[in-house]
Amino acid sequence: MKQQKRMSRREKAISGINNDVVHRKTHNWSESYGINQIKLIPSQTELMHKIQNNTLTFVDSVAGTGKSMTCLYTFVKEYLRDNTKQLIVIRTPVEAGLDKIGALPNSLEEKCEPHFSSTKKLLEQLLSRGKVETDMDHRIHFKIPNYVLGSTFDNSLIMIDEAQQLPANILKLLLERIGVDSKCVVLGDSTQLYTGNDSKRNGLRGVLQA
């Protein structure tokens, strides 16, 4: 009996077999992420829809309402759908109250790591620890205001966290970084100020009262 000839890779690609395999592998991989196990409550779902339908969204809400999780949940859905998107989280590193630990050694990333640890944990819940580590500094970026001067963030999902700790002029500067095909969410609690120089901060309240 004549043995059937195996198809070459090129022939498989033309017939669509390889494309089907790649699609199924990609689909199965995305199904393993934590976002598929998380269910938003009605108020979070409402916020998700507002973020999806607007280029710029401001959220002023007390701590513990899940605003950061909702924002990241919304962004991660888009992040996984479009592999060209960048996810950028911006917050200013501030010391609480009278606690002063002084200048920290090591690199900028190591100095900022404690300030972004809660955000990183949320992303690990929504994606996976491995995915976050792989994409960090490639598609996922943690930044502080001083290091975005002169930048323009195109095709990006931008979350400005703890915006009540930012002076109004710095918040304005950050909003001017929003580029083409980007979306930005500004989060904070204008009643929660815990620095020693609060009078110069709370740009979130200022922009909402303008």
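Here is what the cut-offs are and how they apply
Residues numbered from 1 in each chain as written. Predicted model: local features only at pLDDT ≥ 70, side-chain atom pairs only at ≥ 80, totals over all residues. Heavy atoms only, no water. Salt bridge = Lys/Arg side-chain N within 4 Å of Asp/Glu carboxyl O. Helix = DSSP H or I, 4+ residues; strand = E, 2+ residues; numbered from the N terminus. Buried < 20%, exposed > 50% of the residue type's maximum accessible area, 1.4 Å probe, protein only. Core = buried A, V, L, I, M, F, W, Y, C linked by side-chain atoms within 4.5 Å. Contact = heavy atoms within 4.5 Å. Arc of directions from axis to C-beta.

Student: Quick question: what am I supposed to make of the pattern of salt bridges here?
Tutor: Once the charged atoms of two side chains with opposite charge are near each other, the side chains can pair. For the structure on display, the rule yields eight salt bridges. Arg91 is the partner of Glu162 in a salt bridge, and the nearest nitrogen-oxygen pair spans 4.0 Å. Separated by 71 residues along the polypeptide, Glu162 in the loop between β4 (156-160) and α7 (168-175) and Arg91 in the loop between β2 (86-90) and α5 (108-126) bring together distant segments of the chain. On the basis of relative accessibility, which here comes to 17%, the residue Glu162 falls in the buried class. Accessibility expressed as a relative area gives 12% for Arg91, which makes it buried. Here the residues in one salt-bridge network are Arg91, Asp161 and Glu162, joined through shared partners.

Student: How do you make sense of the nonpolar core when you look at a structure like this?
Tutor: General note: in soluble globular proteins, nonpolar side chains tend to be found buried as a group. If you look at the biggest cluster of nonpolar residues, it comprises 30 residues, and the most contacted ones within it are Phe75, Leu87 and Leu126. For this core, the secondary-structure elements that each account for two or more residues are α3 (42-52), α4 (67-81), β2, α5, β4 and β5 (183-188). Element by element, the count of residues in this core is highest for α4, at seven residues. Excluding anything up to four places from it in sequence, Phe75 contacts Ile51, Leu87, Leu157, Ile158, Met159, Lys183 and Val185. Formed by 14 residues, the second largest nonpolar core is a distinct cluster that contains Val148, Ile158, Leu166 and Leu174.

Student: Explain α3 to me, please; I cannot follow it from the model alone.
Tutor: Residues lying three or four places apart along an α-helix face the same way, a consequence of the helix completing one turn every 3.6 residues. Taken as a whole, α3 has its buried residues at Gln44, Leu47, Met48 and Ile51. Here the buried residues of α3 occupy an arc of 105 degrees about the axis, which is enough to place them on one side. Where the residues of α3 are buried, they touch β1 (56-60), α4 and β5.

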